[in-house]
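Residue-level structural notes
Chain residues, written in single-letter form:
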Amino acid sequence: MNYRFIKASLLSVALSTGMASAAPHQVTVTADLEQQGPVINKDIYGQFAEHLGRGIYEGLWVGPDSSIPNTKGFRNDVIDALKEMSVPLVRWPGGCFADEYHWRDGIGAKNERPVKVNTHWGGVEETNAVGTHEFFDLAELLGAEVYINGNLGSGSVQEMAEWMEYMTSDKNSTLANLRRENGREDPWDIKYFGIGNESWGCGGHMEPDYYVDLYRQYATFLKTPPGKKPLLVGSGGHTEDTQWTDVLSKNIERNMDGISYHFYTLPTSEWETKGHATEFGKDMWFATLERTYRMDEYLQNNIAILDKNDPEGELGFYVDEWGTWYDAEEDREPGFLYQQNTLRDAVVTAINLNLFHKYAERVHMTNIAQMVNVLQAMILTDGPDMLKTPTYHVYDMYSVFQDATAIPVELDTSDYTMDDKALPAVTGSLAKSKDGSTYLALVNLDPENVAAITLDLEGDSNKTLKGEILTAKNITDKNTFEQKDVVAPKPFETKASNFQLPAKSIVVVKVN
Ligand code: AHR
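1. A word on the overall build of the protein
- Counting its secondary structure elements, the protein contains ten helices and 27 strands.
- What you see for the protein is a C-alpha radius of gyration of 23 Å, in line with the 24 Å of a compact globule of 512 residues.
- Oriented by its inertia axes, the alpha-carbon framework of the protein measures out at about 70 × 55 × 45 Å.
- By the burial criterion, 59% of the 512 residues in the protein qualify as buried.
- About 19,600 Å² of surface is accessible on the protein, with carbon and sulfur atoms providing 47% of the total.

Encoded structure:
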C-alpha cells in the first residue's frame, strides 16, 4: 500500500512553536476497490510461547491433575479465548530459551524428565513437563500451525537433525518408533523451523559470517520425508541493523526460506529504564508510538536489501519477535517479564499490523511477544482467573485480515506532533477477505484530537461501514481482574463517507 503523509499548515505552526495541535486531523482515504495488492499471510498474526515466567506454566499449562478445568493439561479458559481470536501459528520453545533447550529432556514419562535451571528467565526450575508432544497438543487445541525454534547455540548438528527425524519420520527408525511409544503414531507437520535465535546475542554472540557457515552446516542435515520439509528460518538482526539481512541473503543460497528480525518497543528506547507499563503521560504515549513507528523505516531498509540480493522475492522477512517491553513491576520477579497492557498497547498493535499489511509482499510471518503473561500478552492470568488485554481485542478485530488480499490505499493525513517530532495521525489498512467482503481498519494515534475521515472509494459515497471500535476514556486505561472490560470493543456504524474517528481509537469495519 502507498501512504502519503501531508502536514497541514496549522500543524506546522504548532510544530515550530512546540505547541500541541488542537484542530481535528484531516484524513482522506482513497482506493479503487477493484485493485489487488499482495495476500496478507495469516501467519502475520502468529503468536509466541517461550518457556519464560508464567507464559507456559500457569498461563497455558496447569497439568491434567489441576483443579483448573483443562484439556490434556492446557487450561480451557485460555484456550477458548485464544481460539476465539484465531491463532494461525505459535512459535516455541523460545527465544533465548531455544538455544539452551535439549528436546530429549521433554519427552517420555513426566516424572523421569530432567529438571533443569532456566538460566535466562529468573533461574527457576524447568520441569520439562511441557515438551514436544505437549506443544503439538497445544497447537492442535488452538487449531494453529507450529513454528519450532531449534538450538544452534548450545546444541549440535546431530541433536537438531534427530529432533527433526523424531517429529517428521514415517519410517520404522528407532527415533520414529520412540515417538510412537510416547503416544504419537503419525509424524507431525512443522510449518517453520528456526535455526538458532538472536545468534548475535543470547544465541551465541556470533558474527553474521560465522553464523552463515553454521547455518549451512545445520540446514544440510535437516532431512525430512517428501512433503514434510518446513520453511527454514535464518536467525537475523534486530532494531536498526540490516547487516544480518544482507550477509545472510547474500551468502545462503539454498535451504533458507526466510530471515528473522526482532524489534521491541521501549517507551524511552533505553534498556536500563524502559518506561512504566501503566503510569505514563502524553509524552511517553507519543515516545512509545514514535518508537514503534520506526518499524516502518526498519522494514523498508531490510526489504530494500532483500530486493537487491533476492530480486525473485524467494525469501520472506519474518518479524518473529516484536511488541512493547516495559520495566518489570516492583513486586514481581524481573526475569518473568510480566507486564500490564493498556490502550497504548492496543494502538501499538494496530500501527504494527497496518505496517505488516503494507509490506505483506515480503513480510509473511510475525510473532508478537508473547501470548500469555509475558511482555505484550493477549491474556493475563491470576490463579484460576484470566482476562483479555487491549492487545487481544485488536488481534480479534483484525482477524478478518488473515489471508485477505490487500487493496492499495492512499492515506493522506495530517500529523500528530510533539516537540520536533511528527507521526501520521492516522494509519490504516484496506483488504478483501477470503469471503469477498471488504474491510477497512483505521487507528487514530492522537490521544486528544479526533480525525475527520473522508472516504473516496471509487467515488462511491454510499458505503455503509459496520464493525467495532476500541477506545477508552484515558490513555492509561487497562483491564484488571476486578474490571475486565474497561478497554473492550463496542459496535461502530456509519453510513456517511465523512465521519469522525475519535481520538486514541481503533476501528475495523466491513465496507458495504
Ligand atoms: O521475548 C523475550 C526475549 O527477547 C526472547 O527470548 C529473546 O529472543 C529476545 O531477546
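2. Here's the deal with the packing of helix α2 (residues 76-84) against helix α3 (residues 132-142)
- It is the contact of α2 with α3, at a shortest axis distance of 9 Å, that shows an interaxial angle of 55°. Relative to α3, the element α2 is oriented oblique. Residue-level contacts link Ile-79, Leu-82 and Lys-83 of α2 to Leu-138, Leu-141 and Leu-142 of α3.
- For the contact of α2 with α3, the residue count by class is five nonpolar, no polar and one charged.

3. A word on the site of the ligand
- Near the ligand lie 14 residues; those nearest to it are Glu-50, Cys-96, Glu-198, Tyr-264 and Glu-321.
- Take Gln-370: an N or O atom from its side chain is 3.0 Å from an oxygen atom of the ligand.
- Isolated, the ligand exposes 290 Å² of accessible area, and the fraction of that covered by the protein chains is 94%.
- Of the residues belonging to the shell around the ligand, the class tally is seven nonpolar, four polar and three charged.

4. Topic: the pattern of salt bridges
- If you walk through the whole model with that rule in mind, you get 28 salt bridges.
- Where Asp-137 meets Lys-72, a salt bridge forms, and the shortest distance between an N and an O atom there is 3.6 Å. Remark: Lys-72 occurs in the loop between β4 (70-71) and β5 (74-75) and Asp-137 occurs in helix α3; sequence separation between them is 65 residues.
- A salt bridge links Asp-77 to Arg-75, with the nearest nitrogen and oxygen atoms 2.9 Å apart.
- Accessibility expressed as a relative area gives 24% for Asp-77, which makes it partly exposed.

5. Structural notes on the domain arrangement of the protein
- Domain boundaries in the protein define domain 1 (10-37 + 426-511) and domain 2 (42-403).
- A separation of 30 Å is found between the C-alpha centroids of domain 1 and domain 2.
- Between domain 1 and domain 2, the buried area comes to about 2,800 Å², and carbon and sulfur atoms account for 72% of it.
- Joining domain 1 to domain 2, the criterion identifies two salt bridges.
- Linking Lys-282 and Glu-448 is a salt bridge whose minimum nitrogen-to-oxygen distance equals 3.7 Å.
- Run the count over domain 1 and domain 2 and you get nine residue pairs in polar contact (both at pLDDT 80 or more).
- Ranked by residue count, the leading element in the side of domain 1 that touches domain 2 is strand β21 (residues 426-432), at five residues.

6. Overview of helix α6 (residues 208-220)
- With 13 residues, α6 ought to run about 18 Å at 1.5 Å a step, and its terminal C-alpha atoms sit 18 Å apart, in line with that.
- Along α6, the residues classified as buried are Pro-208, Tyr-211, Val-212, Leu-214, Tyr-215, Tyr-218 and Ala-219.
- Of the surrounding secondary structure, the elements contacted by the buried residues of α6 are α4 (157-168), β10 (192-195), β11 (231-234) and α7 (243-251).

7. Side note on the packing of α4 against helix α5 (residues 174-181)
- Orientation of α4 relative to α5, taken along the N-to-C sense of each, is 55°, at an axis distance of 8 Å. One finds that α4 runs oblique with respect to α5. The interaxial crossing formed by α4 with α5 has right-handed handedness. Between α4, through Glu-162, Glu-165, Tyr-166, Met-167 and Thr-168, and α5, the contact on the second element is made entirely by Leu-175, Leu-178 and Arg-179.
- Across the contact of α4 with α5, the residue classes tally to four nonpolar, one polar and three charged.

8. What to know about the sheet that holds strand β12 (residues 258-265)
- Pairing is parallel in the open sheet, where eight strands are placed in the order β3-β6-β9-β10-β11-β12-β13-β14. Of all the strands in the sheet, just β3 (47-48) and β14 (365-368) have a single pairing partner and so form its edges.
- Here β3 runs beside strand β6 (residues 89-92); their pairing, made up of two bridges, is parallel. Across the sheet, the residue bridging to Phe-48 is Arg-91, located in β6.
- Lying over the sheet, α3 contacts β6 and β9 (145-150), oriented at roughly 150° with respect to β9.

9. A short note on the state of the cysteines
- Enumeration according to the criterion identifies one disulfide in this entry.
- Linked covalently through their sulfurs, Cys-96 and Cys-202 form a disulfide whose S-S length is 2.2 Å. Disulfide Cys-96-Cys-202: torsion about the S-S bond near -90°, hence left-handed. With Cys-96 in the loop between β6 and β7 (116-118) and Cys-202 in the loop between β10 and α6, the pair connects residues that are 106 residues apart, well separated along the chain.

10. Overview of the nonpolar core
- Within the largest apolar cluster, 148 residues are counted, with the highest numbers of intra-cluster contacts made by Leu-60, Leu-82, Phe-193, Ile-195, Leu-299, Tyr-398 and Ile-506.
- Both domain 1 (10-37 + 426-511) and domain 2 (42-403) contribute no fewer than three residues apiece to this core.
- Setting aside anything within four residues of it in sequence, one finds Leu-82 in contact with Leu-60, Val-87, Leu-142, Met-371, Val-372, Met-378 and Ile-379.

11. Brief notes about unusual backbone geometry
- Pro-93 follows Trp-92 through a cis peptide bond whose omega is 0°.
- When you line up the elements, Pro-93 lands in the loop between β6 and β7.
- Here the bond from Ala-369 into Gln-370 is cis, since omega is -10°, no more than 30 degrees from zero.
- Note on placement: Gln-370 falls in the loop between β14 and β15 (379-382).
- Positive phi, close to 40°, is recorded for Lys-504, a residue that is not glycine.
- Mapping Lys-504 onto the fold places it in the loop between β26 (498-501) and β27 (505-511).

Calculation criteria
- Residues numbered from 1 in each chain as written.
- Predicted model: local features only at pLDDT ≥ 70, side-chain atom pairs only at ≥ 80, totals over all residues.
- Heavy atoms only, no water.
- Helix = DSSP H or I, 4+ residues; strand = E, 2+ residues; numbered from the N terminus.
- Rg over C-alpha atoms; globule rule 2.2 N^0.38 Å.
- Buried < 20%, exposed > 50% of the residue type's maximum accessible area, 1.4 Å probe, protein only.
- Areas by Shrake-Rupley, 256 points an atom, 1.4 Å probe, with all protein chains shown as cover.
- Axes fitted to C-alpha atoms, helices over the stretch in contact; angles between N-to-C directions.
- Parallel < 35°, antiparallel > 145°, perpendicular 65-115°, else oblique.
- Contact = heavy atoms within 4.5 Å.
- Nonpolar A, V, L, I, M, F, W, Y, C, P; charged D, E, K, R; others polar.
- Near = heavy atom within 4 Å.
- Polar contact = N/O pair within 3.5 Å; in protein donor to acceptor, adjacent residues only side chain to side chain.
- Salt bridge = Lys/Arg side-chain N within 4 Å of Asp/Glu carboxyl O.
- Domains from an automatic or database assignment.
- Buried area = accessible area lost by both parts, 1.4 Å probe.
- Expected span 1.5 Å × (residues − 1).
- Left-handed = near helix turned anticlockwise from the far one by under 90°.
- Pairing = 2+ DSSP bridges.
- Disulfide = S-S within 2.5 Å.
- Core = buried A, V, L, I, M, F, W, Y, C linked by side-chain atoms within 4.5 Å.

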